[in-house]
Amino acid sequence: MTIAQTDDPETVPVPEGHVRLTVDGVTVDAPKGELIIRTAERIGVEVPRFCDHPLLDPAAACRQCLVEVEMGGRPMPKPQPACAVTVADGMVVKTQASSAVADKAQQGVMELLLINHPLDCPICDKGGECPLQNQALKHGRAESRFVDTKRTFAKPVPITAQVLLDRERCVLCQRCTRFADEIAGDVFIDLLERGAVQQIGTHETADLDETDAVIGQPHGSYFSGNIIQICPVGALTSAAYRFRSRPFDLVSTPSMCEHCASGCAQRSDWRRGHVTRRLAGNDPAVNEEWNCDKGRFAFRYATAEDRLRKPLVRGADNELHEASWTDALRAAAAGLAKARGERGVAVLPGGRLTVEDAYAYAKFARLALHTNDVDFRARVHSAEELDFLTDSVVGRTPEHGGVSYADIESAPAVLSVAFEPEEESPIVFLRLRKAARKRGLRYFHLGQWTTPAVDKAFGALVPVVPGDEARGLRELDEKVRDALGRPGALILVGERAAGVAGLPTAVRALSSWTGARVAWIPRRAGERGALEAGATPTLLPGGRPVTDAAARAEVERAWGVAPGGLPGTPGRDTGEILAAAADSRLSALVVGGVDPFDLPDPELALTALTTVDFVVSLELRPSEVTRRADVVLPVAPVQEKTGAYLDWEGRRREFESTLSGTGALPDCRVLDTLAVEMDVDLFTQTSGAAAGDLARLGRHSCTNEPVPVSAGEAARPGVGEAVLATWRTLLDNGSLQEGEPHLAATAKPVVARLSVATATGLGVQFGEPLTVSTARGSIVLPAVQADLPDGVVWLPENSGRSAVRRVLGVGHGAVVSVSAGGEH
Amino acid sequence: MTTPRPADPITPVLTKRWLSPRSWRLSVYEQLEGYTALRKALAGTPEQLVQLVKDSGLRGRGGAGFPTGLKWSFMPPNEDKPHYLVINADEGEPGTCKDIPLMMADPHSLIEGCVIAAYAMRSHHCFIYVRGEALHCVRRLTSAVREAYTAGYLGRNILDSGFDLDITVHAGAGAYICGEETALLDSLEGRRGQPRLKPPFPAAAGLYAAPTTVNNVETIASVPFIVNAGADWFRSMGREKSPGPKIFSISGHVEQPGQYEAPMGTTLRELLELAGGMKDGIPLKFWTPGGSSTPMFTAEHLDTPLDFEGATEAGSMLGTTAVQVFNETVSVPWAVMKWTQFYEHESCGKCTPCREGTYWLAQILERMVRGEGTPADIDTLLDVCDNIFGRSFCALGDGAVSPIQSGIKYFKDEFLALCESNAAHAREHELAGAR
């Protein structure tokens, strides 16, 4: 991979697996199979290009990268595309830097690319950051000889609700269509027509016969924003960003995505205190150069009108009133101190925190509130899950035995359990698809129906009835078990596993049985960090069990607490905390970013918040929690703070504040100050301080003997009933997606899915409404056919009207009534 | 330049059955030695057949002239993946009219050739990709394939040899580019007809990513004759490096346009004699040796031997031996414009030089023919041609510039003359504006 020593290159042997060639007179060793264009890059020669993209298969379509190539002393008769020809021993490459032929060829192609281009750089979003503009200035003629009529098209054409196409600017490099075809696997755009009127189009813009139109169903992509970013011209623009600013007026700050545990590196472009757009960062080990659309487009929640900017305190009139930080913190401290002395206080930090913020909650609970009643899990959860996390997840990082993206890429087989990769961790899905496409990974999906992700990862469904996943794992097909027995095989477990009794136990058993390694992939960006930071009822930071006196002593020393100063009994988990609060067995709650409707029993959560004497809420925007809180302390959104997430791998994803000086405070700072009011020092004034404090604790290794949990019986539906399968889709009713109509329009249609036999049995017609109900409420959705097991109905968990927990009060695996018809 | 050899007597081989009544029928074909070569071929080994075709010196009749036996030998010896034989019957080169008449008059010679070639390459499925517009030809070929199945020349255990072969006749959807072999394969797979990146070459990963050989109709139809009469017989016709007979499709200003089978190396002078000379005696002005993609020739080239070497040495290419003859009444810029419009219409759009270049060239030529050109346009034409030639993804771009480059090479005066009238027009305009 290195440039040969220039002092005497001929004497140095060519490294194994490499070839030696010269590029513009420089002798260089290159790995076999490397493309000329990359070898040239390594010696500092940039060959102009449009269709070439390192993560896409070569196309050699734009012909911009033509270079002269000599093989075995014989020049090849025609200039060759550097993006498609691989290096060979003894090859002599002459780029535009040393060959007049290559230079002329490139100038010629550039001129041809521009004859039909509108040359409207001054009004183009891409102007200023445009490869066409840059390369035309570098490798093109100053004046065009083209005096005839340019080809024109109507514009813009909507590709999706958030991507608009200007066909006149397009140079037909096919990066977008190749992205759709190769990377995402979503056939939402393709080339249409031919010759000079060849164009990018969609199912809707194609001139199809009626008979042809039925062949394909138009559907979008969760990854369509990437085509805007990789478009080398201004042909693809973002509906949300279009005509909003010039790239050179923006400040770019590296950032990390807060939406899920994939851990995408990003770049946030901003000006005048507002983020105007977000782009995928280049991190080959994590997201490569891709983002999902949620990560790219959903950031306006932070600038919503109703954003909390000042503390609120409930007054004598029982209304919330704006208050100074001093007054609010004093009120909060007084209320909490009082509650601590009564029936105690519990902490629900939520799953969207940075490690540092989560650590502050964990430390605040122990030091200021003297309790282990802290649980980040604002979703379905179980003691068995916590046991599994303690045993198989905490402390694992790519450096310390954890599964990484690279492991997925090289795995021979992957089984996903209670995890829909495209919906719940889109970058993991892209890696699965890449590995399946390029390396023959075999993907098995233990679930209820063949989701698009399963097809796109060339996978196979291992069907199970909801709630029966543990048995499904025990009775896996021999073919699947054998595949998982191959070295490097992986089991990817989602957070939903907590909802099925015995499933974490079964995963562990399958792992020890086959040797396949396990990775836990939660949905939320903060869950992994909160686990490591000790925001759980049984673990202190670094995975130290609260029941382990030695582990406790380590923390006591580090925190400067007297021996025995930390509570040694396990705390209550989220469900137990809420039940206790609803039952007046708790006096107060400190709540971070938690939406009660995400909780297993939203009604119980609301009762708990109402019943408890005192509620302190740290929030960004008004919520069901702030409405019931006694003190509301506004906190900073991700753009306005510094910190780090841990992605599902356990990899630290550090970021600096994008917008500084807004006055917004991170949770760790708010808690630190609140603690000071309660005469406790957390040393988490800044996230840097918090990170340092946490790092000083160091790693901890302890053995955990998990308690096996036996699987329950799968529910059996009676007449007019079905077992509910449900999980969240990537784009749904989540509050972080608010304020993004273009993004919301690309969400999947909200439908109920069931098999033909189930539909027949229930008298349901596909395409017609169907009603799913429980004693608490009912949801009416159009019925759509899918290959679910019989007697199972699938609903999106929190999309549109289908707010399963909120309306039905039940979740995955429950028996629900299903009937034909119904009014929306 | 080699001295042209005296003309061989015209030896109808591929065309010998064409005038027989109902020559396309299996019964007629069988009476005229039909399917005798197949029996002979099946008695031998695939290796022997490949060697025979190599020895015969048969070169691809689709235009490029690649040695057929060598191409066959690229097919892997194992059968880890299915092997495919694909017949390129997407005859669409302007002026070319040899494969369609062959398939109309003698479809069984192609089918017999397919069985032999498939046997030689261990293929059990052959696709014949016929130009979609030639519906009559698709029908005739389909009917002949049906006859061959009924008679046991196709299907399972052909002639008790244990060899199986299916033939699928596929109609294209009307795109010149699908005559390019990799675009043809994509089209056959149901994708957009656009050329593929090579490598991998079809012999390694062709149709459905399996080893594939793509051969022209005339090439494969020649094979039964070689099997029956031997390599030496085949080499007795034509010239050393380009042996065998060839169907010349002569069109344009001759008395009797049509298909004339003559040995490789025959000259235009000889062909014109066969075709009854120039129509109405009006002198020859320019002609193409092998369709519009081959640079044009003039009366100077009447004695150029028309084989792969001869045409190349004289600055053109043999192409598909579509001899288009134009007399002195034809304006070269106009003819070049029409050809260029064809390429603009047929460019697949994949690569920049061909897509944008043909669009530009056509506009310049249209403007010149309208009398609105300038001498600078001629320089631009040549420079744009230079930027397309050898820069495009496939050979279509190279072919597109041939008429322009050769037209300007031989008839620049005519292009300049068009500009003269423009200049005169501009002067008039100047006066009008001055008032």
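Colleague: What exactly am I supposed to notice about the overall build of chain B here?
Modeller: When helices and strands are counted, chain B shows 17 helices and nine strands. The C-alpha atoms of chain B give a radius of gyration of 23 Å, which matches the 22 Å a tight globule of 435 residues would have. Summarising its shape, the C-alpha atoms of chain B cover approximately 90 × 45 × 35 Å along the three principal directions. When each of the 435 residues of chain B is scored for burial, the buried share is 56%.

Colleague: Would you take a moment to explain the overall build of chain A for this structure?
Modeller: Looking only at helices and strands, chain A has 26 helices and 37 strands in total. The C-alpha radius of gyration computed for chain A amounts to 29 Å, which stays within 12% of the reference 28 Å derived for 824 residues, consistent with globular compactness. Across its three principal directions, the C-alpha atoms of chain A cover 90 × 65 × 55 Å. Scored against the burial criterion, the 824 residues of chain A give a buried share of 57%.

Colleague: Help me understand helix H7 (residues 135-150) of chain B, please; the structure alone is not making it clear to me.
Modeller: Because an α-helix packs 3.6 residues into every turn, residues spaced three or four apart end up facing the same way. All names here are of chain B. Over its 16 residues, H7 runs 23 Å from end to end, which matches the ideal 22 Å to within 8%, given 1.5 Å per residue. Of the positions making up H7, those classed as buried are Cys137, Val138, Leu141, Ala144, Val145 and Ala148. Within H7, the buried residues cover an arc of 135° as seen down the axis, which keeps them to one side. Turned more than 90 degrees away from the buried face of H7 sit Leu135, His136 and Thr150, all of them exposed. Elements that come into contact with the buried residues of H7 comprise helix H1 (26-31), helix H5 (99-105), helix H6 (107-120), strand E2 (125-130) and strand E3 (166-171).

Colleague: What is the right way to look at the environment of Thr160(A) in this model?
Modeller: Residue placement: Thr160(A) occurs in the loop between strand E7 (157-158) and strand E8 (163-165). Not counting chain neighbours up to four residues away, the residues in contact with Thr160(A) comprise Phe188(A), Gly220(A), Ser224(A) and Thr746(A).

Colleague: Looking at this model, I keep getting lost on the confidence of the model for chain B. Mind explaining?
Modeller: Caution is warranted with low-pLDDT regions, since their predicted coordinates should not be read in detail. Residues and elements named next belong to chain B. The predicted model of chain B has a mean per-residue pLDDT of 94, with 95% of residues at 70 or higher. In the predicted structure, residues 1-8 sits below a pLDDT of 50 and forms 10 contacts with residues beyond four places in sequence or in another chain. Listed scores for the predicted complex are pTM 0.95 and ipTM 0.93.

Colleague: Whenever I open this one, the sheet that holds strand E9 (residues 322-327) of chain B confuses me. Can you help?
Modeller: Two pairing modes exist for strands in a sheet, parallel and antiparallel, and in both the strands are linked by backbone hydrogen bonds. All names here are of chain B. With respect to topology, five strands assemble into an open sheet ordered E6-E5-E9-E7-E8, the strand pairing being mixed. Strand pairing shows two members of the sheet lacking a second neighbour, strand E6 (258-263) and strand E8 (297-298), which therefore form its edges. Sheet topology places strand E5 (residues 245-252) next to E6; six bridges connect them, and they run antiparallel. Its bridge partner being in E6, Pro245 is matched across the sheet by Pro263.

Colleague: What exactly am I supposed to notice about the packing of helix H2 (residues 36-43) of chain B against helix H10 (residues 217-229) of chain B here?
Modeller: All names here are of chain B. Between H2 and H10, the least distance of the axes is 9 Å, while the angle of their chain directions is 70°. Overall, the two elements H2 and H10 adopt an arrangement that is roughly perpendicular. H2 and H10 meet at a crossing whose hand is left-handed. Residue-level contacts link Thr36, Ala37, Lys40 and Ala41 of H2 to Pro224, Val227 and Asn228 of H10. Looking at the contact of H2 with H10 residue by residue, the class counts come to four nonpolar, two polar and one charged.

Colleague: Help me out: how do you make sense of the pairing of strand E3 (residues 66-71) of chain A in this one?
Modeller: Side-chain direction in a regular strand flips from residue to residue, so the side chains alternate between the two faces of the sheet. Residue and element names in this part refer to chain A. Two strands pair when backbone bridges link them, and E3 and strand E5 (residues 80-81) are joined in this way by two bridges, in the antiparallel orientation. Within E5, the residue paired with Val67 across the bridge is Gln80. In this structure, E3 lies alongside strand E6 (residues 92-94), joined through three bridges in antiparallel fashion. The residue bridging Val69 from the neighbouring strand is Val93, located in E6.

Colleague: I keep staring at the environment of Val13(B) and nothing clicks. Help me out?
Modeller: All names here are of chain B. Structurally, the position occupied by Val13 is in the segment before H1. Remark: the alpha-carbon pair of Val13 and Asn228, spanning 215 residues in sequence, is separated by 12 Å. For Val13, the contacting residues outside a window of four places in its chain are Phe225, Pro245 and Glu261.

Colleague: What exactly am I supposed to notice about the interface of chain B and chain A here?
Modeller: Quite often, the size of an interface is put as the accessible area lost when its parts meet. Listed per partner, the contact involves 24 residues of chain B and 27 residues of chain A. With 10 residues, helix H15 (residues 352-369) of chain B is the single largest residue contributor to the side of chain B that touches chain A. The residue inventory of the side of chain B that touches chain A, partitioned by class, reads eight nonpolar, nine polar and seven charged.

Colleague: Quick question: what am I supposed to make of helix H22 (residues 667-677) of chain A here?
Modeller: Residues and elements named next belong to chain A. In terms of residue burial, H22 counts as a mostly covered element, since eight of its 11 residues are buried. All buried positions along H22 are accounted for by Asp667, Cys668, Arg669, Val670, Leu671, Asp672, Leu674 and Ala675. Buried positions along H22 lie against helix H8 (325-341), helix H9 (355-368), strand E26 (614-619), strand E27 (631-634) and helix H23 (687-697). Of the residues one or two after H22, Asp679 is the one with positive phi, at around 65°.

Colleague: Just to check I follow, could you spell out the sheet that holds strand E33 (residues 778-785) of chain A for this structure?
Modeller: All names here are of chain A. Here we have six strands rolled up into a closed barrel, ordered E30-E34-E31-E33-E32-E37, and mixed in their pairing. For this sheet the average axis-to-axis angle between neighbouring strands, irrespective of direction, equals 45°. Two strands pair when backbone bridges link them, and strand E30 (residues 721-727) and strand E37 (residues 815-820) are joined in this way by three bridges, in the antiparallel orientation. In the strand pairing of E37, Glu721 is matched with Ser817.

Colleague: Before we go on, may I ask you to explain the nonpolar core in this structure?
Modeller: Within soluble globular proteins, side chains that are nonpolar generally end up buried alongside one another. Formed by 388 residues in total, the largest nonpolar core has its most connected members in Leu589(A) and Ile87(B). Sequence-distant contacts of Leu589(A), defined by excluding residues within four places in its chain, comprise Val345(A), Ala346(A), Leu348(A), Ala581(A), Leu609(A), Val612(A) and Val615(A).

Colleague: Help me out: how do you make sense of the pairing of E9(B) in this one?
Modeller: All names here are of chain B. Most of E9 is tucked away: five of the six residues are buried. Two strands pair when backbone bridges link them, and E5 and E9 are joined in this way by four bridges, in the parallel orientation. Directly across from Ser249, in E9, lies its bridge partner Ala322. One ladder, built from four bridges, connects strand E7 (residues 284-288) with E9; its direction is antiparallel. Looking at E9, one finds that Trp287 is bridged to Val325.

Colleague: Help me out: how do you make sense of the confidence of the model for chain A in this one?
Modeller: Summary statistics for chain A give a mean pLDDT of 94 and a share of 97% for residues scoring 70 or more. Within the model, pLDDT remains below 50 along residues 211-216 of chain A, and this stretch shows three contacts once partners closer than five positions in the same chain are excluded.

Colleague: Mind showing me how you'd approach the environment of Val101(A) here?
Modeller: Residues and elements named next belong to chain A. Note that Val101 resides in helix H2 (residues 100-115). Residue Val101 is classed as partly exposed on the basis of its C-beta count, with 16 C-beta atoms lying within 10 Å. A sequence separation of 22 residues divides Val101 from Pro79, and the C-alpha atoms of the two residues are 7.7 Å apart. Excluding anything up to four places from it in sequence, Val101 contacts Glu68 and Pro79.

The rules behind the values
Residues numbered from 1 in each chain as written. Chains lettered and ligands numbered in written order. Predicted model: local features only at pLDDT ≥ 70, side-chain atom pairs only at ≥ 80, totals over all residues. Helix = DSSP H or I, 4+ residues; strand = E, 2+ residues; numbered from the N terminus. Rg over C-alpha atoms; globule rule 2.2 N^0.38 Å. Buried ≥ 20, exposed ≤ 12 C-beta atoms within 10 Å, placed from the backbone. Expected span 1.5 Å × (residues − 1). Arc of directions from axis to C-beta. Contact = placed C-beta atoms within 7 Å. pLDDT = per-residue confidence, 0-100. Pairing = 2+ DSSP bridges. Axes fitted to C-alpha atoms, helices over the stretch in contact; angles between N-to-C directions. Parallel < 35°, antiparallel > 145°, perpendicular 65-115°, else oblique. Left-handed = near helix turned anticlockwise from the far one by under 90°. Nonpolar A, V, L, I, M, F, W, Y, C, P; charged D, E, K, R; others polar. Core = buried A, V, L, I, M, F, W, Y, C linked by C-beta atoms within 7 Å.

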